[in-house]
Amino acid sequence: MKIEIERVNNKVHLEAKNEQGVIVHMDGSPDIGGEDLGARPMQLVLMALGGCTSMDMLSMLKKMREEVKSYKVTVDAERATEHPMVFTKIHIHYTLEGKLKKENVEKAINLSMDKYCSVTHMLNKTADITHSFEIR
C-alpha cells in the first residue's frame, strides 16, 4: 500500500493520492494557517473507522441475507487535552433501515468490532470504543 501526499498551496492544504489515483484533500484549521479546504487528518481517522466497520457490516449482513434499505453510521469522539492529542473515547452509532433481525445486526457489529475492523484494533490502543444501533 502506498500513499503520496503533495502540498497544494503555500499553506497546509494537501492532496493525498492512493495507488488507484483517488484523491483526498486535507487541510488544517485557520489556527494553524489552514483554510478548511479539506478534512483534517484526525477527521480522516474517524472516517476510516466508520468506513472500515461499515464495509464489514454491509458485507456480513448481505451474507446473512439481510436486506438493508438504508444505512448510516455516526462516529463521535473525544480527544486528549494535551499532546499527543489522541482519541480517548469513540462512540459509533449505526442506523439501519429494513426488515432486519436484531440478533444479526448485533452479531455483525460484534464481529466487526472484535475481529475484522483493523482500524478499530489500532484505535482501541488509546480509546475506549463503544457502539449502539437502531433499526428503523
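Values in this document were obtained by computation on a predicted structure and should not be read as measured data.

**Q** Mind showing me how you'd approach the overall build of the protein here?
**A** On a plain count of helices and strands, the protein comes out with three helices and six strands. Going from the N terminus to the C terminus, the protein shows its helices and strands as β-β-β-α-β-β-α-α-β. A principal-axis box enclosing the C-alpha atoms of the protein has dimensions of 50 × 35 × 25 Å. Buried residues in the protein amount to 30% of all 136 residues. Partitioning the intrachain contacts of the protein with sequence separation of at least 6 by distance along the chain shows that 49% fall at a separation of at least 24. Working note: accessible area of the protein is about 9100 Å², and carbon and sulfur atoms make up 53% of it. Of the charged side chains in the protein, 19 are positive and 20 negative; the average position of the first set lies 7 Å away from that of the second.

**Q** What's the story with the packing of aromatic side chains in this structure? I'm lost.
**A** Applying the stated criterion across every chain, the model contains zero aromatic pairs. Positioned above the aromatic ring of Phe-87, the side-chain terminus of Arg-79 is 5.9 Å from the ring centre.

**Q** Which parts of the structure should I look at to understand the environment of His-25?
**A** Here His-25 lies in strand β3 (residues 23-26). Each C-alpha atom, one on His-25 and one on Ala-48, is 14 Å from the other, the two residues being 23 residues apart in sequence. Residues contacting His-25, with those up to four places away along its chain left out, are His-13, Leu-14, Glu-15, Leu-37, Gly-38 and Ala-39. In terms of polar contacts, His-25 uses its side chain to reach the side chain of His-13, at 2.9 Å.

**Q** Sorry if this is basic, but what is going on with the layout of surface pockets here?
**A** Over the atoms a probe the size of a water molecule is rolled, and this reveals where empty space is left. Quantified by volume, the largest pocket comes out at close to 320 Å³. Lining the largest pocket are 13 residues, with Met-1, Ile-3, Lys-17, Asn-18 and Val-24 positioned closest to its centre. Elements with a minimum of two residues in the lining of the largest pocket: β1 (3-7), β2 (14-18) and β3. Of the residues forming the lining of the largest pocket, the biggest block, three residues, is contributed by β2. A breakdown of the residues in the lining of the largest pocket according to their chemical character gives eight nonpolar, two polar and three charged. Within this model, the second largest pocket holds a volume of roughly 170 Å³. Leu-44, Val-45, Ala-48, Val-119, Met-122 and Leu-123 are the residues that line the second largest pocket.

Parameters and conventions
Along every chain, residues carry numbers that run from 1 in the direction the sequence is written. Given that this is a predicted model, residues contribute local features only at a pLDDT of at least 70 and side-chain atom pairs are listed and counted only at 80 or more, while totals for whole chains, interfaces and linings are drawn from all residues. Side-chain figures throughout are based on the complete set of non-hydrogen atoms in the structure, without hydrogens or water. Per the convention used, a helix needs a DSSP run of H or I reaching at least four residues, while a strand needs a run of E reaching at least two, with both numbered from the N terminus. The classification of residues rests on relative accessible area computed with a 1.4 Å probe and restricted to protein chains. Under 20% of the type maximum is buried, over 50% is exposed, and intermediate values are partly exposed. We call two residues contacting when some pair of their heavy atoms lies within 4.5 Å. Using a 1.4 Å probe, the Shrake-Rupley method yields the accessible areas, and only the shown protein chains count as cover for residues. In summary, the charge assignment counts Lys and Arg as positive and Asp and Glu as negative, without counting His or the chain termini. By convention, the point assigned to a charge is CZ for Arg, NZ for Lys, CD for Glu and CG for Asp. When two rings of Phe, Tyr or Trp (its six-membered ring) have centres within 6.5 Å they constitute a pair, described as stacked for plane angles under 30 degrees, edge-to-face for angles over 60, and tilted for the intermediate range. We call a charge positioned over a ring when the NZ of a Lys or the CZ of an Arg lies within 6 Å of the ring centre and within 35 degrees of the ring normal. Polar contact criterion, stated in full: a pair of N or O atoms within 3.5 Å, where within protein one must be able to donate a hydrogen and the other to accept it, and residues adjacent in sequence count only if both atoms are side-chain atoms. Space inside and on the surface of the protein is sampled on a 1 Å grid over the protein atoms alone, with a cavity defined as a set of points where a 1.4 Å probe fits but cannot get out and a pocket as an open set with protein on both sides within 12 Å along at least 5 of 7 lines; lining residues have an atom within 4 Å of a point. Grid points are joined across faces, edges and corners, and a volume is the space filled by probe spheres set on the points. Any residue that is not Ala, Val, Leu, Ile, Met, Phe, Trp, Tyr, Cys, Pro, Asp, Glu, Lys or Arg is counted as polar, Gly included; the first ten are nonpolar and the last four charged.

It is worth stressing that arrangement in space is one thing and function is another; only the former is reported here.
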